[in-house]
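As a plain string of letters, each chain reads:
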Amino acid sequence: MLKAPTGFQENFLWGGAIAANQAEGAWNVNGKGPSIADVEMLPEKYARTYIWGYRHTREEVLAALKDETNYYPRRTAIDFYHHYKEDLALMKEMGFRCFRTSFSWTRIFPNGDEKEPNEEGLKFYDDLIAEITGNGMEPVMTVSHYEMPLHLSLEYGGFSSRKVADCFVRYCQVLFDRYHDKVKYWILINQINYLDIFGAPFGQFASLGMIYGYTQKDTYQAVHNQFVACASATKYAHENFPEIQIGVMLGDDTRYPATCKPEDVFAATQHNQMKLYFFSDVLLRGEYPGYALRYFSDRRIELNVMEEELKLLKENTADFLSYSYYYTYTKAAGPETKEMGGNPYLEKTPWGWSIDPLGFRNSLNQYWDRYQVPIFISENGLGALDQVEEGKIHDDYRIGYLRSHIAAMKEAVKDGVKIFGYTSWGPIDLISASQGEMSKRYGFIYVDLDDRGQGSGRRLRKDSFYWYQKVIATNGKEL
């Protein structure tokens, strides 16, 4: 008998997601080395503007490491390193069934190219993962979330060097060996497609290192090296620990055509191909798609690709698709300007991100139709300016945003999309990735720190805390 799904599966993984560089702090504790995140300071004039694209010279970076005057928000963050037990207890109170976080690469390999890991760093993650599972949550672990060792970026140019790809594979192997019986779900590289889209600190630092004048060829060679590194790590995991699942993660950047003019429709198609599907096509389907080969040919981009690497990609694809969803934009034919991309039919957040829950359902259907692999939503949330009033935070706007997006996800489940988990970003206030702010708050839990790291650090439950608690308790029936 044919029957459509009516709601989320019984063992659906509800939870929340953070990243080590935006939460842990303790940037130089117990042998941790400096990462690319540790040299990003809060700009003097940043109010709701982006710091993506800020570039550093080698001299500026080395000076930043010695700088004790300016504020580097990721060095202290919300001090999750020392507060994870109380923070996870709050997650348990909400009823979390899973918790996503990342390893900090430089806690484990301070420079990145060592032969042996830092045992003190591994011991922290021993304790953290034990605390996650002890609170009844499934750990979902990201191996690299914008935390490349600074040494690998400065000395080798990031993933533009195959040596760095080899270092990443060794890093993965250490983690798989140690945690394969504790962690089932793994995401190798956070938002792998964003390494091409954005500049420093994420693209230029993470994929290419701190170099000026890099070309599209340099960028896509770094992306290829990441593909090979992911396939190598997946091969090792599948051969040695078949019980674990490896995911590829995108940062969704779906574009609608700006109009129904055919040129705009095709411009949106090409954007979605090269900014989204290219990355997941390679890592889930195992080969370079024709549209990417055409893109490279038209631009005379010749990558250094070996036949054994193509074979490796074909034989070692990921097990599930994971992605973050926050917004949609539009795409018109022709050169882009800063004014393009807006959608007059959608409201926007204070940071200019369009609010599009139906776009969430659309993206889920598109990905499922394309790949037919299980989907895990690794990030979704609203950054907002919260106010504390007599010890309370009344964030109905956040509840409204999440309610509409979870409802859209539920409709996608009814459409037949196989979704096995959802982690909101972030369940606790943390440092903003794009601005370095604390005032851009996402959490169900308020952290009493300002944009300069001043405050008590006290944790407070927002109204959304109790709302999400009910959502989980009813498995998404009550929104």
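Every chain begins its residue count from 1, and numbering advances along the sequence as written. At least 70 in pLDDT is required for a residue's local features to be given in this predicted model, at least 80 for side-chain atom pairs to be given and counted, and no such filter applies to totals for whole chains, interfaces and linings, which use all residues. Only hydrogens and water are removed before side-chain values are computed, so all heavy atoms of the structure are retained for them.

**Quick notes on the overall build of the protein**
- Counting from the N terminus, the helices are the DSSP runs of H or I reaching at least four residues and the strands are the DSSP runs of E reaching at least two. Summing up its helical and strand segments, the protein has 17 helices and 12 strands in all.
- Atoms counted for the radius of gyration: C-alpha only. Globule rule: 2.2 Å times residue count to the power 0.38. The C-alpha radius of gyration computed for the protein amounts to 21 Å, which stays within 12% of the reference 23 Å derived for 479 residues, consistent with globular compactness.
- Projected onto its principal axes, the C-alpha coordinates of the protein cover approximately 60 × 60 × 50 Å.
- Partly exposed describes any residue whose relative accessible area lies between the buried limit of under 20% and the exposed limit of over 50%, with all areas from a 1.4 Å probe on protein chains only and scaled to the type maximum. For the protein, the proportion of its 479 residues judged to be buried stands at 59%.

**Points about the packing of aromatic side chains**
- Think of it this way: a Phe, Tyr or Trp ring, Trp meaning its six-membered ring, pairs with another when their centres are within 6.5 Å, and the plane angle makes it stacked under 30 degrees, edge-to-face over 60, tilted otherwise. Under the criterion given, the structure shown has 47 aromatic pairs.
- Between Phe 109 and Tyr 171, the aromatic rings sit 6.3 Å apart at their centres with planes inclined by 90°, giving edge-to-face as the arrangement. Here Phe 109, found in the loop between α5 (105-108) and α6 (119-134), pairs with Tyr 171, found in helix α8 (residues 162-179); they are 62 residues apart in sequence, far enough to count as distant. As far as the burial class goes, Phe 109 and Tyr 171 line up, both buried.
- Their ring planes at 85° and their centres at 6.0 Å tell us that Tyr 185 and Phe 320 sit as a pair that is edge-to-face. Taken as a pair, Tyr 185 in strand β4 (residues 185-189) and Phe 320 in strand β7 (residues 320-324) lie far apart in primary sequence, 135 residues in all. This pair shows no difference in class: Tyr 185 is buried, exactly as Phe 320 is.
- Taken together, Phe 80, Tyr 81, Tyr 84, Phe 99, Phe 103, Phe 124, Tyr 125, Phe 176, Tyr 179 and Trp 186 form an aromatic cluster joined through their ring pairs.
- One Lys or Arg, Lys 440, reaches over the ring of Trp 353 and ends 4.0 Å from the middle of that ring. Charge-over-ring placement is defined geometrically: NZ (Lys) or CZ (Arg) within 6 Å of the ring centre, and within 35 degrees of the ring normal.

**Topic: unusual backbone geometry**
- Although it is not a glycine, Ala 26 adopts a positive phi angle of roughly 45°.
- As for its position among the elements, Ala 26 is in the loop between α1 (20-23) and α2 (58-66).
- In this structure, Gln 372 takes a positive phi of about 55° despite not being glycine.
- Secondary-structure assignment places Gln 372 in the loop between α15 (357-371) and β9 (375-379).

**Looking at α6**
- For a helix, the expected span equals 1.5 Å multiplied by the residue count minus one. For α6, with 16 residues, the first-to-last C-alpha span of 22 Å sits near the 22 Å given by 1.5 Å per residue.
- Considered for burial, the residues of α6 that qualify are Gly 121, Leu 122, Phe 124, Tyr 125, Leu 128, Ile 129 and Ile 132. Seen along its axis, α6 keeps its buried residues to an arc of 150°; they face one direction.
- We call two residues contacting when some pair of their heavy atoms lies within 4.5 Å. The inward-facing, buried residues of α6 abut α1, α4 (80-94), β2 (98-102), α5, β3 (138-144) and α8.
- Looking one or two places after α6, you find Gly 136, whose phi comes out positive at around 80°. The directions considered for the arc are those from the helix axis to the C-beta atoms.

**What to know about the environment of Leu 385**
- Considering the arrangement of structural elements, one finds Leu 385 in the loop between β9 and α16 (396-414).
- For the pair Leu 385 and Lys 440, spaced 55 residues apart in sequence, the C-alpha to C-alpha distance is 5.9 Å.

**Things to note about the pattern of salt bridges**
- Every case where a carboxyl oxygen of Asp or Glu lies within 4 Å of a side-chain nitrogen of Lys or Arg is listed as a salt bridge. In the structure shown here, the tally under the stated rule is 24 salt bridges.
- In this structure, a network of salt bridges that share partners links the residues Asp 386, Asp 395, Arg 398, Asp 429, Arg 441 and Lys 462.

**Re the sheet that holds strand β1 (residues 13-17)**
- The eight strands lie next to each other as β1-β2-β3-β4-β5-β7-β9-β10, forming a closed barrel whose pairing is parallel. Neighbour to neighbour, the strand axes of the sheet diverge by 25° on average, direction disregarded.
- In this scheme, strands are said to pair when DSSP sees at least two bridges between them. Taken together, the four bridges between β7 and β9 define a ladder with parallel strand orientation. Bridge pairing links Ser 322 to Phe 376 in β9.
- Orientation is described by axes fitted as lines to C-alpha atoms, over the contacting stretch for helices, and by angles from 0 to 180 degrees between their N-to-C directions. Here helix α12 (residues 262-285) sits on the sheet in contact with β5 (245-251) and β7, set at roughly 170° to β5.

**Some points on the side chain of Ser 144**
- In this structure, Ser 144 sits in strand β3.
- With sequence-adjacent residues up to four places away left out, Ser 144 is seen in contact with Trp 105, Phe 168, Leu 188, Ile 189 and Asn 190.

**Structural notes on the environment of Glu 147**
- Tracing the backbone through its elements, the reader meets Glu 147 in the loop between β3 and α7 (150-156).
- Glu 147 sits 126 residues away from Asn 21 along the chain, and the two C-alpha atoms are 6.5 Å apart.
- Not counting residues within four places of it along the chain, the set of residues in contact with Glu 147 comprises Ala 19, Ala 20, Asn 21, Ser 35, Ile 36, Ser 102, Phe 103, Ser 104, Trp 105 and Thr 106.
- Pairs of N or O atoms within 3.5 Å make up the polar contacts considered here, provided that, within protein, one atom can donate a hydrogen while the other can accept it, and that residues adjacent in sequence are counted only when both atoms are side-chain atoms. Side chain to side chain, Glu 147 and Ser 102 meet in a polar contact 3.3 Å long.

**Here's the deal with the state of the cysteines**
- The rule for a disulfide is simple: a pair of cysteine sulfur atoms within 2.5 Å. Scanning the model with the defined rule gives zero disulfides in all.
- Here Cys 167 stays free of any disulfide, with the sulfur of Cys 172 as its closest cysteine sulfur at 11 Å.

**Description of the layout of surface pockets**
- Two kinds of site are reported from a 1 Å grid over the protein atoms alone, namely cavities, where a 1.4 Å probe fits but cannot get out, and pockets, open sets with protein on both sides within 12 Å along at least five of seven lines, and residues are called lining when an atom falls within 4 Å of a point. Grid points are joined across faces, edges and corners, and a volume is the space filled by probe spheres set on the points. Taken as a whole, the second largest pocket encloses approximately 450 Å³ of empty space.
- Every residue lining the second largest pocket is counted, 18 residues in all, and those nearest its centre are Gln 270, His 271, Met 274, Tyr 295 and Arg 299.
- Those elements giving two or more residues to the lining of the second largest pocket turn out to be α11 (216-240), α12 and α13 (290-298).
- Here the term charged refers only to Asp, Glu, Lys and Arg, the term nonpolar to Ala, Val, Leu, Ile, Met, Phe, Trp, Tyr, Cys and Pro, and the term polar to all other amino acids, Gly among them. For the lining of the second largest pocket, a count of residues per class yields six nonpolar, six polar and six charged.

**Things to note about the pairing of β2**
- Across the five residues of β2, five count as buried, placing the element largely inside the fold.
- Residues of β2 alternate between two faces, with Cys 98, Arg 100 and Ser 102 on one and Phe 99 and Thr 101 on the opposite face, all of them buried.
- With three bridges connecting them, β1 and β2 associate as parallel partners. Looking at the pairing, Ala 17 lines up with Arg 100 of β2.

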